[in-house]
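What follows is the residue order along each chain.
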Amino acid sequence: MSDPTPLKVMAMSGSLRKGSFNTLSIRAAQELAPAGMSIELYDLASLPFYNDDIRAAGYPPEVQKFRAAVAAADAFLFASPEFNYSVSGVLKNAIDWASRAPNMPFAGKTAAVMGASAGALGTARSQHTLRWIMSGLDVYVVNLPHIYIGSASQKFDASGALTDQPTRDFLKQLLENLRVLTLKLKA
Ligand SMILES: Cc1cc2nc3c(=O)[nH]c(=O)nc-3n(C[C@H](O)[C@H](O)[C@H](O)COP(=O)(O)O)c2cc1C
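What you see is a predicted model, and the numbers here were worked out from it, not measured in a lab.

This part takes up the nonpolar core. With 27 residues, the main nonpolar core has Met12, Phe66, Phe76, Phe78, Ile95, Phe106 and Met134 as its most contacted residues. Contributing elements (two or more residues each) for this core: strand E1 (7-13), helix H3 (61-72), strand E3 (75-79), helix H4 (89-97), strand E6 (110-116) and helix H5 (124-136). Counting residues per element, this core draws most heavily on H4, which supplies four residues. In contact with Phe78, not counting residues within four places along its chain, are Met12, Leu91, Ile95, Phe106, Ala111, Ala112, Val113, Met114, Leu130 and Met134. One finds Leu32, Met37, Met114 and Leu175 within the second-largest nonpolar core, a separate group that totals 25 residues.

Take a look at the structure:
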């Protein structure tokens, strides 16, 4: 029998661009999610730049809201552009806000990683960095499949739908693997 409580997946896009291929990838994931999983996109635009003086004085309301959402999630789905071979500043900034003691809302949870880029490598370099960052936060990242959406403009149609069938199949598998890993860890 399947778990009756749907898994809550908090999705984060590392791009604030309106037509972002990474945000569109998350939209595709919402459509392809397996039964028993709900994926909610969290908008990172309202977060201030990390400043430890601000943290010491008390988390601002936008940060408190973000940290509470991380704490309430069962798992995470990250889609980030590769900016200069690394994770975008937008995503890294958000992760930093949820990484400080006393509570570490990411710890012990699971994540899936993907990314889209204009170039051929499809964020391969930055995804390895993101996996490394997650290891430091004690997040268990799904190993396979790796989803590198290269030449992204050719993989989505004018309405923003992910049309590349192999990518859709890999994405479906990634979400299923995230579901299985998350349930294993919760058991
Ligand atoms: C500041 C900056 C740095 C970039 N660096 C890389 C890079 O290192 N590797 C790469 O494949 N694409 C790079 N790109 C191109 C992005 O992959 C491309 O703009 C992508 O579509 C951004 O993601 P989005 O569609 O989700 O906004 C860079 C773009 C910007 C604006």
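Of all residues adjacent to the ligand, which total 13 residues, the nearest are Ser15, Arg17, Ser20, Asn22 and Glu82. Taking Phe21, its main chain carries an N or O atom lying 2.9 Å from an oxygen atom of the ligand. Taking 620 Å² as the accessible area of the ligand by itself, protein coverage stands at 70%. When contributions to the shell around the ligand are tallied by element, the ones reaching two or more residues are helix H1 (21-32) and strand E4 (82-83). Within the shell around the ligand, the residues separate by chemical class into five nonpolar, five polar and three charged.

Turning next to the pattern of salt bridges. The tally for this structure, following the rule as stated, stands at six salt bridges. A salt bridge links Glu82 to Arg125, with the shortest nitrogen-to-oxygen separation between them at 2.8 Å. With Glu82 in strand E4 and Arg125 in helix H5, this residue pair connects regions lying 43 residues apart in the sequence. Overall, Glu82 belongs to the buried group, its relative accessible area being 16%. Of the charged contacts, one joins Glu176 and Arg179 as a salt bridge, the two residues approaching to 3.0 Å between their closest N and O atoms. Taken together, the residues Glu176 and Arg179, both in helix H6 (residues 165-186) and three residues apart, mark about one turn of the helix. Judged by relative accessible area, which is 26%, Glu176 ranks as partly exposed.

Here is what the cut-offs are and how they apply
- Residues numbered from 1 in each chain as written.
- Predicted model: local features only at pLDDT ≥ 70, side-chain atom pairs only at ≥ 80, totals over all residues.
- Heavy atoms only, no water.
- Core = buried A, V, L, I, M, F, W, Y, C linked by side-chain atoms within 4.5 Å.
- Buried < 20%, exposed > 50% of the residue type's maximum accessible area, 1.4 Å probe, protein only.
- Helix = DSSP H or I, 4+ residues; strand = E, 2+ residues; numbered from the N terminus.
- Contact = heavy atoms within 4.5 Å.
- Near = heavy atom within 4 Å.
- Polar contact = N/O pair within 3.5 Å; in protein donor to acceptor, adjacent residues only side chain to side chain.
- Areas by Shrake-Rupley, 256 points an atom, 1.4 Å probe, with all protein chains shown as cover.
- Nonpolar A, V, L, I, M, F, W, Y, C, P; charged D, E, K, R; others polar.
- Salt bridge = Lys/Arg side-chain N within 4 Å of Asp/Glu carboxyl O.

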